[in-house]
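Examination of the molecular architecture
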Amino acid sequence: MSLLVTGGAGFIGSNFVLDWLAQSDEPIINLDKLTYAGNLDNLANLRGDSRHHFVRGDIGDRALVERLLAEHRPRAVLHFAAESHVDRSIHGPEDFIQTNVVGTFRLLEAVRGYWAALPEAEKTAFRFLHISTDEVYGTLGPNDPPFAETNRYEPNSPYSASKAASDHLVRAWHHTYGLPVLTTNCSNNYGPYHFPEKLIPLMIVNALAGQPLPVYGDGQQVRDWLYVRDHCSAIRRVLQAGQPGHTYNIGGWNEKPNLEIVRTICALLDELRPRADGRSYREQITHVPDRPGHDRRYAIDARKIERELGWKPAETFETGIRKTVQWYLDHPDWVQRVQSGAYRAWVQKQYGVAAA
Ligand code: NAD
Ligand code: TYD
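Residues numbered from 1 in each chain as written. Chains lettered and ligands numbered in written order. Predicted model: local features only at pLDDT ≥ 70, side-chain atom pairs only at ≥ 80, totals over all residues. Heavy atoms only, no water.

1. Thoughts on the site of ligand 2
With respect to spatial proximity, 18 residues lie near ligand 2, and among them Glu135, Arg223, Arg291, His294 and Tyr351 are the closest. In this structure, His294 approaches ligand 2 through a side-chain N or O atom, which is 2.7 Å from an oxygen atom. Between Tyr351 and ligand 2, the recorded distance is 2.6 Å, taken from a side-chain N or O atom to an oxygen atom. Listing elements by their share of the shell around ligand 2, those giving two or more residues are helix H7 (199-208) and strand E8 (213-216). Among the elements that take part in the shell around ligand 2, E8 stands out by supplying 3 residues, more than any other. (Near = heavy atom within 4 Å. Polar contact = N/O pair within 3.5 Å; in protein donor to acceptor, adjacent residues only side chain to side chain. Helix = DSSP H or I, 4+ residues; strand = E, 2+ residues; numbered from the N terminus.)

2. With respect to the site of ligand 1
Around ligand 1 there are 28 residues in total, and Ile12, Asp32, Ser84, Tyr159 and Lys163 lie nearest to it. Measuring from a nitrogen atom of ligand 1, one finds a side-chain N or O atom of Asp58 at 3.0 Å. Asn189 is positioned with one of its backbone polar atoms (N or O) 2.9 Å from an oxygen atom of ligand 1. Surface burial for ligand 1 is 97%, taken as the share of its 840 Å² of free accessible area covered by protein chains. Among the elements of the structure, helix H1 (11-23), strand E5 (127-133) and helix H6 (158-177) are those that each provide at least two residues to the shell around ligand 1. Among the elements that line the shell around ligand 1, the one with the most residues is E5, at 3 residues. Taken together, the residues of the shell around ligand 1 break down into 12 nonpolar, 12 polar and 4 charged. (Areas by Shrake-Rupley, 256 points an atom, 1.4 Å probe, with all protein chains shown as cover. Nonpolar A, V, L, I, M, F, W, Y, C, P; charged D, E, K, R; others polar.)

3. Some remarks on helix H11 (residues 317-330)
Across its 14 residues, H11 extends 20 Å between first and last C-alpha, which sits within 8% of the 20 Å expected from 1.5 Å per residue. All buried positions along H11 are accounted for by Phe317, Gly320, Ile321, Thr324, Val325, Trp327, Tyr328 and Leu329. (Expected span 1.5 Å × (residues − 1). Buried < 20%, exposed > 50% of the residue type's maximum accessible area, 1.4 Å probe, protein only.)

4. Observations regarding the environment of Asn254
Within the secondary structure layout, Asn254 lies in the loop between strand E11 (247-250) and strand E12 (255-257). Look at Asn254 and you get buried, because its relative accessible area is 12%. The sequence separation of Asn254 and Ile300 amounts to 46 residues, and the corresponding C-alpha distance is 9.0 Å. The residues touching Asn254, leaving out its near neighbours within four places in the chain, are Arg223, Asp224, Trp225, Thr316 and Phe317. (Contact = heavy atoms within 4.5 Å.)

5. Considerations on the side chain of Gln350
Tracing the backbone through its elements, the reader meets Gln350 in helix H13 (residues 341-351). At 2.9 Å, the side chain of Gln350 forms a polar contact with the side chain of His91. In terms of polar contacts, Gln350 uses its side chain to reach the side chain of Tyr216, at 2.9 Å.

6. Focus on the packing of helix H4 (residues 94-116) against H6
Two measures define how a pair of helices packs: the angle their axes make with one another and the distance between the axes. The N-to-C vectors of H4 and H6 enclose an angle of 15°; their axes lie 8 Å apart at closest approach. Accordingly, the angle class assigned to the pair H4 and H6 is roughly parallel. H4 and H6 meet at a crossing whose hand is right-handed. Along its contact with H4, which presents Phe96, Ile97, Asn100, Val101, Thr104, Phe105, Leu108, Glu109, Arg112 and Trp115, the element H6 presents Tyr159, Ser162, Lys163, Ala165, Ser166, Leu169, Val170, Trp173 and Tyr177. Classifying every residue of the contact of H4 with H6 by side-chain character gives 12 nonpolar, 4 polar and 3 charged. (Axes fitted to C-alpha atoms, helices over the stretch in contact; angles between N-to-C directions. Parallel < 35°, antiparallel > 145°, perpendicular 65-115°, else oblique. Left-handed = near helix turned anticlockwise from the far one by under 90°.)

7. Brief notes about the nonpolar core
Within the largest apolar cluster, 70 residues are counted, with the highest numbers of intra-cluster contacts made by Phe16, Leu78 and Ile305. Not counting residues within four places of it along the chain, the set of residues in contact with Leu78 comprises Leu3, Leu4, Val5, Thr6, Phe16, Leu129, Ile131, Ile235 and Leu239. Judged by nonpolar contacts, the second largest core, of 24 residues, contains Ile59, Leu64, Val111 and Trp173. (Core = buried A, V, L, I, M, F, W, Y, C linked by side-chain atoms within 4.5 Å.)

8. A word on the sheet that holds E5
With respect to topology, 7 strands assemble into an open sheet ordered E3-E2-E1-E4-E5-E6-E11, the strand pairing being parallel. Sheet topology places strand E3 (52-56) and E11 at the edges, where each strand pairs with a single neighbour. Neighbour-to-neighbour, the strand axes of the sheet open up by a mean angle of 20°, direction not taken into account. Direction of pairing for strand E1 (residues 3-6) relative to strand E4 (residues 76-79): parallel, over a ladder of 4 bridges. Its bridge partner lying in E4, Leu3 is registered against Ala76. Along the sheet, H4 contacts E1, E4 and E5; its crossing angle with E5, the most-contacted strand, is approximately 165°. Relative to the sheet, helix H8 (residues 228-241) contacts E1, E4, E5, strand E6 (181-186) and E11, its axis offset from that of E5 by approximately 145°. (Pairing = 2+ DSSP bridges.)

Function-wise, these values are silent; they only describe arrangement.
This is the structure:
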């Protein structure tokens, strides 16, 4: 038995692959295009490990996916691969449509052909697990209840619209063709191997480099943070016991305004790696113009996965953010290597300043 993982060199995918192989000997075929966000450094500990089979390629390359399915005969596909950064989707939505919509469609078609020809028992046991986001539900007012699985889809950014489209395709492949799919919609993740274009790693990396900490608008936008390894344990649980055709919202009940997140990171760094001049990293916080169409609040109602599958996160925000800050302090080489030429060009475009 084996699993086909897409996007397993990205932030969440690589954490999933590492966690999986730390607990199981079931091999993983890892299909990843290695865009700017894919990084084989994340998987360095698996070098020479025959349980990890890495293939560089595109989920939209149907012939390649068909060949991998025929060769390895996985019992499940876990679909992480996506373009994932909202700000990049605002500057250039095309890649988001290509990978998240067209790529998911082609992947579904290749998987459908493989699945349809499986012997009955394997066909029944097969799963296609689609990893999606809470951003498909749009934005919440301050007093709205958190997103439940039954909320309407109201995506507001090119990124969330492309993920919503992919969720609809996955749903339709279940209803029309009977493909045994599972969809998870998760809140914002944080933790090791997070590319420093996203809020938490960007703030850690910029703070240490003496650079400004750019808070969009008033910094009162709320996100619901989940430690990445808790997301991975939820995915394992959904794969094991989720009902085909069902959707599971995943979150850790950790709603926080952005400014509070940035101040927490500054306080941890003041404690763990004080500035040479003895002043607080908070002095580096700067307010910059808001993101166009910026969603004000996301929050996940995780009661379904808790009730039906007995899943609960292991970390609180306090324990998870401390581990995360410590991880970045312990891995300056990883940070240095992801700050490639492409990374520098992005920082210049988005913030109008040179990268750290
Ligand atoms: P990421 O951007 O860090 O990684 C994406 C990976 O997909 C990269 O390794 C990249 O090389 C690969 N990839 C991109 N296009 C590809 C293609 N056409 N073919 C093959 N590989 C391709 O993203 P992430 O943060 O790890 O997110 C993983 C999944 O989880 C995404 O589907 C995302 O929408 C979803 N998600 C992310 C978060 C979050 O907070 N990061 C929250 C909820 C859901
Ligand atoms: P991000 O990590 O890009 O995730 P998402 O947009 O998918 O939620 O951003 C998290 C929040 O932080 C979001 O409200 C935008 C804000 N943000 C900043 O204030 N400054 C920044 O430099 C970045 C990257 C994000």
